[in-house]
Structures are given as structure tokens and as C-alpha cells.
Amino acid sequence: MKITAGTTVQALQAGLPLDPLENRILLCHALRLTRVGLITNAERALTREEAALLDALVARRQAGEPIAYIVGQREFFGLPFQVGPAVLIPRPDTELIVELALERLAPAARMLDMGTGSGAIAVAVAHTRPDAVVTALDLSDDALHVARANASANRANVRFLRSDWFAALGTDQFDLIASNPPYIASGDEHLAQGDLRFEPSGALTDFADGLSALHTIIEGAPAHLVAGGWLLLEHGYDQAAAVRDALLDAGYTEVQSWRDLGGIERVSGGRRG
Ligand code: GLN
């Protein structure tokens, strides 16, 4: 449908060429209405400006741009995160590593999030556990800019560091290290599909076999973990066995994997021996 001035909110809710959830997200965004506002404003007619804006947003979505980038926001762990093309869009799957970290942090424990992107893991932990001493690093200045905004918007006290994995950490020690690193193999067909086409490739792929960043973290983490400290790693659906093997080879104990809501082994980890 062509979106024109005078079209009512009610007509748009049924008439946009998107799935109902995305339809509602774009309508709320363009009209600055809450979900309830859409219902109570059902009879409201669009102004010419609103119609033009909505038309442009729908066209962007139809061209494949992720809905989270179009509205600049995605909810993660019940918190609003600002997102844009500098960062991976937080996935519900990643809430698993947040839960595992929260279960393992003693009072006032020190945690490190490596490759924080939007800050999702670090901010969710620091927001939930204000006693935790949370550090987050990323190689990308643009990502750190977004992550800092998310920490302050969610009142999460996080120390941010620009670092190529362990390079800028000095002798810092942590009780727990968590990471959702790039783990998709270069050439994987998923990189050419859906939202991934628009996300920063350096956040998705290691430009190698998918395991190289995971190996770098597994090998470097013991120098920055206290004895008994946990390393938790998110990985791809078919990488759990390889990650467990690498953890065992590097001398970690209590090596295990955990399943996400879809039943897929999504996080593996172990403790520094
Ligand atoms: N979970 C993301 C996806 O498959 C990938 C994230 C990552 O590489 N760390 O869409």
C-alpha cells in the first residue's frame, strides 16, 4: 500500500507489507506512540510528514535493513540498548551467558567482557549486580561509543577499554571472563543472509575457520584469571565440542557446555586450573 496523509493508524496496523510485530515497531517509532498509544489513537490520521517518514522506513525494511538499526534500539535482558551499524544486534541467545555469569559472580567480583560491541553482556551484568566490578573491551572505537551510551542509559557502572583482545590489559586479573566473539567462519552462507548482511563483519566472523578468536581467548585468559576463575564463551551451534577440547587442552577444569532456549549448545566454559 502507498502510505498517504489521512490514512488512519488502524488502517496501517493491518495494511503495512511487513510482519505484524515489525509493523507495530515501525508505527510506534514513526508516530512516537507506545504500544498502548497505537490502540488509543486508532482513529488518528497521519500528517503528510508522518506518512512520508513511515513510507521511507518501510522501504528501508523491505530493502533488508535490520529493524533494530532502523529504530536504533533493541531490548536485551529486559533493558533498552541503543544499536547501530557499528555493533552486532544483541541476540536473545546471548542472555544465556549473562545468566551463567550472574550465577558465578561472588559479591564484588571482577568481571571482564571481551569484544563487548553494544555493551550487552557487560551492561546487563553491571545493571543487575551493582556490586560487581565490570570491565569491557573492544577493538572498535565506534562500538565503545555505543557501549558507553548504553552503560550510562542503563545506569551500569562499567570501565571501558579499547583493546585488541588482551593487548591493553596489562596485569589486570579477573574472577570471570565472558565473551561473545566473532565465531562465524569466513564464507559461511549465513553472512550473506538477513540482518547479518548489515552487521559489522568483524563482529561476526574471524575471517578464518570461526574458531580463531575463541582459541585466542582460551589461550590468553589464564594469565588474567584468578585460580578457579571462570571463562565463559558463546559460540556457534556446531562448535561446542571443539571449544570444550580447546579448554581441556589449555588446562581448564569443570569444562562444560550449556544449551540456549532453542536447545543448542551455545556457551562453553571452564575454570582456570
Ligand atoms: N549469534 C550470531 C549469529 O549467528 C553471531 C554472533 C557472533 O559471531 N558472535 O547471528
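The numbers attached to residues start from 1 for each chain and follow its sequence in the written order. At least 70 in pLDDT is required for a residue's local features to be given in this predicted model, at least 80 for side-chain atom pairs to be given and counted, and no such filter applies to totals for whole chains, interfaces and linings, which use all residues. Side-chain figures throughout are based on the complete set of non-hydrogen atoms in the structure, without hydrogens or water.

Q: Any chance you could break down the overall build of the protein chain for me, citing the residues and the numbers?
A: Helix numbering and strand numbering both begin at the N terminus, where a helix is a DSSP run of H or I of at least 4 residues and a strand a DSSP run of E of at least 2. Helix and strand counts for the protein chain stand at 11 helices and nine strands. Taken along its principal axes, the extent of the C-alpha atoms in the protein chain is 65 × 40 × 35 Å. Counting only residues that meet the buried cut, the protein chain has 50% of its 273 residues in that class. The contacts in the protein chain between residues at least 6 apart in sequence include a share of 62% that link residues at least 24 apart. Using a 1.4 Å probe, accessible areas were evaluated by the Shrake-Rupley method; residue-level cover was limited to the displayed protein chains. In the form shown here, the protein chain has an accessible surface area of approximately 12600 Å², with 52% of it arising from carbon and sulfur atoms. Accessibility here uses a 1.4 Å probe with only protein chains present; expressed as a share of the type maximum, an area under 20% marks a residue as buried, one over 50% as exposed, and anything in between as partly exposed. Between two residues, a contact is recorded if the distance between any of their heavy atoms is within 4.5 Å.

Q: Please set out the pattern of salt bridges residue by residue, giving values where relevant.
A: Salt bridge, as used here: a side-chain nitrogen of Lys or Arg that lies within 4 Å of a carboxyl oxygen of Asp or Glu. Inspection of the entire model under this criterion finds 13 salt bridges. Of the charged contacts, one joins Asp175 and Arg110 as a salt bridge, the two residues approaching to 3.2 Å between their closest N and O atoms. Placement of the pair is Asp175 in strand E6 (residues 174-179) and Arg110 in strand E3 (residues 110-114), with a sequence separation of 65 residues. Look at Asp175 and you get partly exposed, because its relative accessible area is 24%.

Q: Outline the site of the ligand, listing residues and values.
A: Every residue near the ligand is listed here: Leu88, Arg91, Asn180, Pro181, Pro182, Tyr183, Ile184, Leu196, Ala203, Leu204 and Glu234. N or O atoms closer than or at 3.5 Å make up a polar contact, with two conditions inside protein: a donor-capable atom paired with an acceptor-capable one, and, for residues adjacent in sequence, both atoms drawn from side chains. Within the side chain of Arg91, one N or O atom sits 2.8 Å away from an oxygen atom of the ligand. The separation between a nitrogen atom of the ligand and a polar main-chain atom of Pro181 is 2.7 Å. Coverage of the ligand by the protein chains reaches 86% of its 300 Å² of free accessible surface. Throughout, near means a residue has at least one heavy atom within 4 Å of the molecule or strand.

Q: Can you lay out the packing of helix H10 (residues 212-220) against helix H11 (residues 240-249) for me, pointing to particular residues and giving the numbers?
A: Each axis is a line fitted through C-alpha atoms, taken for helices only over the stretch in contact, and angles between the N-to-C directions span 0 to 180 degrees. Two numbers describe how H10 lies on H11: the axes approach to 10 Å, and their chain directions differ by 25 degrees. Classified by the angle their axes make, H10 and H11 are roughly parallel. The hand of the H10/H11 crossing is right-handed. Between H10 and H11, the residues in contact are Leu214, His215 and Ile218 and Val243, Ala246 and Leu247, respectively. Under the convention adopted here, Pro, Cys and the residues Ala, Val, Leu, Ile, Met, Phe, Trp and Tyr are nonpolar, Asp, Glu, Lys and Arg are charged, and Gly plus all remaining residues are polar. Counted by class, the contact of H10 with H11 contains five nonpolar, one polar and no charged residues. Any angle between 65 and 115 degrees counts as roughly perpendicular, while under 35 counts as roughly parallel, over 145 as roughly antiparallel, and the rest as oblique. Each crossing gets its handedness from the near helix: less than a right angle anticlockwise from the far helix is left-handed, clockwise is right-handed.

Q: Can you tell me about the sheet that holds strand E5 (residues 158-162), naming the residues and giving the values?
A: With respect to topology, seven strands assemble into an open sheet ordered E5-E4-E3-E6-E7-E9-E8, the strand pairing being mixed. Of all strands in the sheet, those with a lone pairing partner are E5 and strand E8 (253-259), marking the two edges. Averaged over all pairs of adjacent strands, the angle between their axes in this sheet comes to 15 degrees, without regard to strand direction. Sheet analysis places strand E7 (residues 225-234) next to strand E9 (residues 265-271), joined by five bridges and oriented antiparallel. Bridged to Glu234 within E9 is Val267. Taken strand by strand, helix H8 (residues 141-153) contacts strand E4 (133-138) and E5, and its axis lies near 175 degrees from that of E5. Strand pairing requires that DSSP identify at least two bridges connecting the strands.

Q: Quick rundown of helix H4 (residues 48-62)? Include the residues and the values.
A: A helix is expected to span 1.5 Å multiplied by its residue count minus one. The end-to-end C-alpha distance of H4, which contains 15 residues, comes to 21 Å, matching closely the 21 Å that a straight helix rising 1.5 Å per residue would cover. The set of residues buried in H4 consists of Glu50, Ala51, Leu54, Leu57, Val58 and Arg61. What you see down the axis of H4 is that its buried residues fit within an arc of 130 degrees, all on one side. Opposite its buried face, H4 presents the exposed residues Arg48 and Glu49, each directed more than 90 degrees away. Of the residues trailing H4, Gly64 is marked for its positive phi of about 105 degrees. The directions considered for the arc are those from the helix axis to the C-beta atoms.

Q: Can you lay out the environment of Leu31 for me, pointing to particular residues and giving the numbers?
A: The residue Leu31 is located in helix H2 (residues 20-31) in this model. Considering only alpha carbons, one finds Leu31 and Ala192, 161 residues apart in sequence, at a separation of 32 Å. Setting aside anything within four residues of it in sequence, one finds Leu31 in contact with Val9, Arg44, Leu46 and Glu50.

Q: Residue-level account of the packing of helix H6 (residues 95-104) against helix H7 (residues 120-128), with values.
A: In a pair of packed helices, the angle between the axes and the distance between the axes together describe the arrangement. Two numbers describe how H6 lies on H7: the axes approach to 10 Å, and their chain directions differ by 40 degrees. Here H6 lies oblique to H7, going by the angle between them. For the element pair H6 and H7, the recorded crossing hand is right-handed. Where H6 approaches H7, its residues Ile97, Val98, Ala101 and Leu102 are matched on the opposing element by Ile121, Ala124, Val125 and Thr128. Broken down by class, the residue content of the contact of H6 with H7 amounts to seven nonpolar, one polar and no charged.

Q: Describe the packing of aromatic side chains, listing the residues and the values that go with them.
A: Two rings from Phe, Tyr or Trp (for Trp, the six-membered ring) form a pair when their centres are within 6.5 Å of each other. A pair whose planes differ by under 30 degrees is stacked, one over 60 is edge-to-face, and the rest are tilted. Under the defined criterion, the tally for this structure stands at three aromatic pairs. Seen in terms of ring centroids, Phe76 and Phe77 are 6.4 Å apart; in terms of plane orientation they differ by 40 degrees. Their pairing is tilted. You can call Phe76 buried: its relative accessible area is 1%. Judged by relative accessible area, which is 22%, Phe77 ranks as partly exposed. Taken together through their ring pairs, the aromatic side chains of Phe76, Phe77 and Phe81 make up a single cluster. In our convention, an over-ring charge means Lys NZ or Arg CZ found within 6 Å of a ring centre and within 35 degrees of that ring's normal. Above the ring of Trp230, the side-chain terminus of Arg104 is found at 4.5 Å from the ring centroid.

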